Each structure stands twice: as structure tokens, then as C-alpha cells.
Amino acid sequence: MNTFEQDIDTLRTWDRTHVWHHLTTGQAASAGVPMFVRGEGLTLWDSDGKEYLDASAGGVWVTNVGYGRKEIADAVYQQLMDLNYFAGSMASKPAAAFAEKLLGKMPGMSRVYYSSSGSEANEKAFKMVRQIAHKFHDGKKHKILYRDRDYHGTTLATLSASGQAERREQFGPFMPGFVEFPHCCEYRSQFGDVEDYGLRAAAAMEEVILQEGPDTVGAVIIEPITAGGGIIPPPSSYLRQVREICDRYDLLLIMDEVVCGLGRTGAWFGYQHYDVVPDIVTMAKGVASGYAAISCTVTTERVYEMLQEAEGDTLGYFRDISTFGGCLASQAAALANLNIIEREGLVKNSARQGERLLAGFRELADRYALIGDVRGKGLFLGIELVTDRQSKQPVDERISMAIAAKCKEHGLLIGRTNRSLTGFNNILNFSPALTITEQQVDIVI
Ligand code: PLP
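- If you check an unreviewed UniProt entry, the chain appears there as Aminotransferase class III-fold pyridoxal phosphate-dependent enzyme from Marinobacter nanhaiticus D15-8W.
- Regarding the chain, the relevant UniProt record gives this comment under Cofactor (unreviewed entry): "pyridoxal 5'-phosphate".
- Recorded in UniProt under Sequence similarities (unreviewed entry), the annotation for the chain is "Belongs to the class-III pyridoxal-phosphate-dependent aminotransferase family."

The following block contains the structure:
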């Protein structure tokens, strides 16, 4: 019997009694959280038949091509019928085809290593840095610098490399070898009124490298635009300067594109707005838009070569494995997803509709003093709420919560973020599917 044929009340009871929901208190879960049962484009329906416009891309920046894509479902079905699995140490049609297509969007990058979540993709990057440190620097150049406000994952290593205090609370002690440097949010300036905020914030990173000793630091990891830490696009000079500093001290630059990748910011990848080429790029959420679990750690040929055979080296390969990084249906889903983004011009649409949304929010800011700042790029935008524009005092958590709840009541799903930047969740975030139309943008506004 197909259990989904149970009536919805039974399923909802099972949900309340058996399912442990992410980031949800037991009290909220037993009161019942919405059960979404169908999606089409940006529209979702819950088990009561209520309709929502989803401006959160599945709650956590995932569904870049929207819901209900038959083309992806067909590609997954076909691959499952042809061959569902063999380990990633062997070749496969979808792994090869997706890698070739993806690298076509990433000039300067050369190799794709598959895994199944954003955290895992970042762990792979860290392990590459560590193995390179052991091969070439007697293990010394092993430290990884991460930025305040950035988040890189839920595992203990990636959490050790994350700068969001509230996510780290109660999980210490953390892994050694990860060191924090200051964020680059100009609206919440830590360096006063400086001429070029990007250069100043990058210099703060360099100070930490010098403090630690450059011969102990192997890499820097950065989100091109910080997501959960407060929707923070860097000042325009920042990332180029970060790249230069990394080159000066022989550090690998890891770009965490888990959220920004695949068109979210109006470019194929967030870093491409800033004229830099990283050494390692990680990606996950929009890679298959939630039709399957997949992530990638993409490297330059130089990084790949460093982890190949050398004279007298018996460990001439990257000594890592990911059982489900070899899931062929996930790679087939990713290929179909990328084909859709390309064919429908969704990167351009993200840039165009993002501009419209941003302009609409700026008009709202002219009308409501509650809006302290509006920022972001493409369809990756945040509204920071304050009680007073002068002092920039964040609004009480209950206000942003009430706004998000009111939106939901009216059938609009939005996100909230940023506890660690101000101590409050005072940023509303907007990240609809990249297929959003002008009319839907206007509804969101
Ligand atoms: N990196 C960033 C920037 C993220 O926002 C997230 C998750 O939200 C991750 C990594 C971790 O990805 P996952 O939850 O797939 O492990």
C-alpha cells in the first residue's frame, strides 16, 4: 500500500508525533507546521489547499528553477532505469556530461569533485588544503581562515569554520586550525568611516594572517555574498584585494557558492561579479534545485595537480570518498537543471528581476523609517529593519517574526536571518526562484 494514500489528518498526526523538524522547537512542531504537498513554478500548496507565493526558494535558497519541472523528473527517471549507482571511482555518463557543462560556466576552473551537501563540499575543500599542507609543507600550512558572519556548514569541521555565533552555541569545543577574521559589512562598520571600506576590511584579514604566521595558514574560505549571516555583498574592491593577499602569502582561496551559485546573484557564480578566480569553489543548493541531493567541489588544474602522484609519494591521489557523491540520478538532475537555467536565460532574469525587486524595496525604504538598509545582488536580497536609522538599533526579533508571519498569512513565504550581526533576526530575506516574472516581483513588493 502506498502510505501517501493515508488521509492527510493521519499523516499530519504522524508528522507531529514522529518527525524531528530542523530548527524547530518541540512546542512549535506539536502545534503543527505547514505541510506543503505540491509546487508549480513559484507557487506552493499546503495540505489545507492554501496557496503561497514562495519568495524563499524552498525556505533555504534551493529551488532556482522553481517547482514541478517535468524535464528534471524525466532525466532522473531515465538515469535510474539505465543505472542508479556505481561508486565515484568509476566513470559515468552524467558525471562527465555535467562536469563539462558546468566548467563551461567557470573559466579558470578545471575539475569537479562530487558529494552530496554543502557542508560536505566544504569539508572536501578543507581536506584538500590539509593534504596539500602535508605533502608540501610538512603539515605546517594547515590553518584555514574564515570570516565572521559566514556560514559553511553543519558538520563539526564546517561549523568550526563558521562565523555565526548563534549556530555555534552549545557545540564546542571546536576543531583546531580554524581562525576567524572580521566581516566586511559596511552598514555595520567596524572600522569607522574609511575611504575604501573594501580595502580596509581586506587589510583586517591580512592582519590575522600575519598574527597567525603566513607559513601556518593554507587557505581562506569566503562566501562571495554572505547569506545567513545577513545578506552582505562585499564592497566592490574587497574580493580582488582578498585574492591579492592570498597570492602574496601562497594561500588557496576557497569560494563557498553553496547559496550564490547557479545564477542566484545574477551571474553564474557570485565571485564572477568581482573579477577574481578562486582556487576552489564549492556549490550545492541550486546545483539541482532540490530535485536531488548533490554538491561539488570544483578546483583549478593547479590544485588538482598538487594532489596527484609525485616522486616517492605513495599517496598520489586525494584520499577521500563520498558514497553518495556518486549518485548518477543527482548528476542527471544537475545537468537537466543547468540546461534549463541556460535555455531560459535565468541568470539574466535573476539580474533583471533582482533590479526591479531592489528598486521596489528602495521605494519602500523611502516610505518606512523601519527600513535601515536594503542590499543584495540579483534575486538574493535583504531588508534590514531598525528602530532608528541614526543609531541603527535593530528591531526586536518579534517584529521581523510578525512581518514574516503576516506575509505567510497573506500567502507569501519569505525568510529571516542575521542573528549574529546584530544579536537579532532583523533581516528579511528574499530569494525567489530565478523564473520569477515582473508581476510576481510586484506582488512580493
Ligand atoms: N555554505 C553556505 C553558504 C550555506 O548557506 C550552507 C547552508 O545553508 C552550507 C554551506 C551548508 O550546506 P548544507 O546544509 O547543504 O550542508
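### Details of the overall build of the chain
Reasoning step 1: Along the chain, the regular secondary structure elements total 16 helices and 16 strands.
Reasoning step 2: Rg of the C-alpha trace for the chain: 22 Å, near the compact-globule value of 22 Å for 445 residues, within the 12% margin.
Reasoning step 3: If you line up the chain on its principal axes, its C-alpha atoms span 65 × 60 × 40 Å.
Reasoning step 4: Burial analysis of the chain (445 residues in total) assigns 49% to the buried set.
Reasoning step 5: Considering only residue pairs separated by 6 or more positions, the chain has 71% of its internal contacts joining residues 24 or more positions apart.

### What to know about the sheet that holds strand 14 (residues 412-413)
Reasoning step 1: Ordered by their spatial adjacency, four strands build an open sheet running 1-2-3-14, and the pairing between neighbours is mixed. Edge positions in the sheet fall to strand 1 (36-40) and strand 14, since each of these pairs with one other strand and no more.
Reasoning step 2: For strand 1 and strand 2 (residues 43-46), the ladder comprises four bridges, and the chain directions are antiparallel. Within the sheet, the bridge partner assigned to Gly 39 lies in strand 2 and is Leu 44.

### Digging into helix 4 (residues 70-82)
Reasoning step 1: With 13 residues, helix 4 extends 18 Å from end C-alpha to end C-alpha; this agrees with the ideal 18 Å at 1.5 Å per step.
Reasoning step 2: Of the positions making up helix 4, those classed as buried are Ile 72, Ala 75, Val 76 and Gln 79. Buried residues of helix 4 fall within an arc of 95 degrees about the axis and therefore sit on the same side. Opposite the packed face of helix 4, turned more than 90 degrees from it, sit the exposed residues Lys 70, Asp 74 and Met 81.
Reasoning step 3: The elements touched by buried residues of helix 4 are helix 5 (93-103) and helix 12 (328-343).

### Things to note about the packing of helix 9 (residues 197-212) against helix 10 (residues 238-248)
Reasoning step 1: The interhelical angle for the contact between helix 9 and helix 10, taken along N-to-C directions, is 30 degrees, at an axis separation of 8 Å. Of the possible angle classes, the one that applies to helix 9 and helix 10 is roughly parallel. In the crossing of helix 9 with helix 10, the sense of the turn from one axis to the other is right-handed. Across from Gly 198, Leu 199, Ala 201, Ala 202, Met 205 and Glu 206 in helix 9, the residues of helix 10 making contact are Tyr 238, Gln 241, Val 242 and Ile 245.
Reasoning step 2: Residues belonging to the contact of helix 9 with helix 10 are distributed by class as follows: seven nonpolar, two polar and one charged.

Rules used in this analysis
- Residues numbered from 1 in each chain as written.
- Predicted model: local features only at pLDDT ≥ 70, side-chain atom pairs only at ≥ 80, totals over all residues.
- UniProt positions renumbered as here; feature names shortened; annotations may be inferred.
- Helix = DSSP H or I, 4+ residues; strand = E, 2+ residues; numbered from the N terminus.
- Rg over C-alpha atoms; globule rule 2.2 N^0.38 Å.
- Buried ≥ 20, exposed ≤ 12 C-beta atoms within 10 Å, placed from the backbone.
- Contact = placed C-beta atoms within 7 Å.
- Pairing = 2+ DSSP bridges.
- Expected span 1.5 Å × (residues − 1).
- Arc of directions from axis to C-beta.
- Axes fitted to C-alpha atoms, helices over the stretch in contact; angles between N-to-C directions.
- Parallel < 35°, antiparallel > 145°, perpendicular 65-115°, else oblique.
- Left-handed = near helix turned anticlockwise from the far one by under 90°.
- Nonpolar A, V, L, I, M, F, W, Y, C, P; charged D, E, K, R; others polar.

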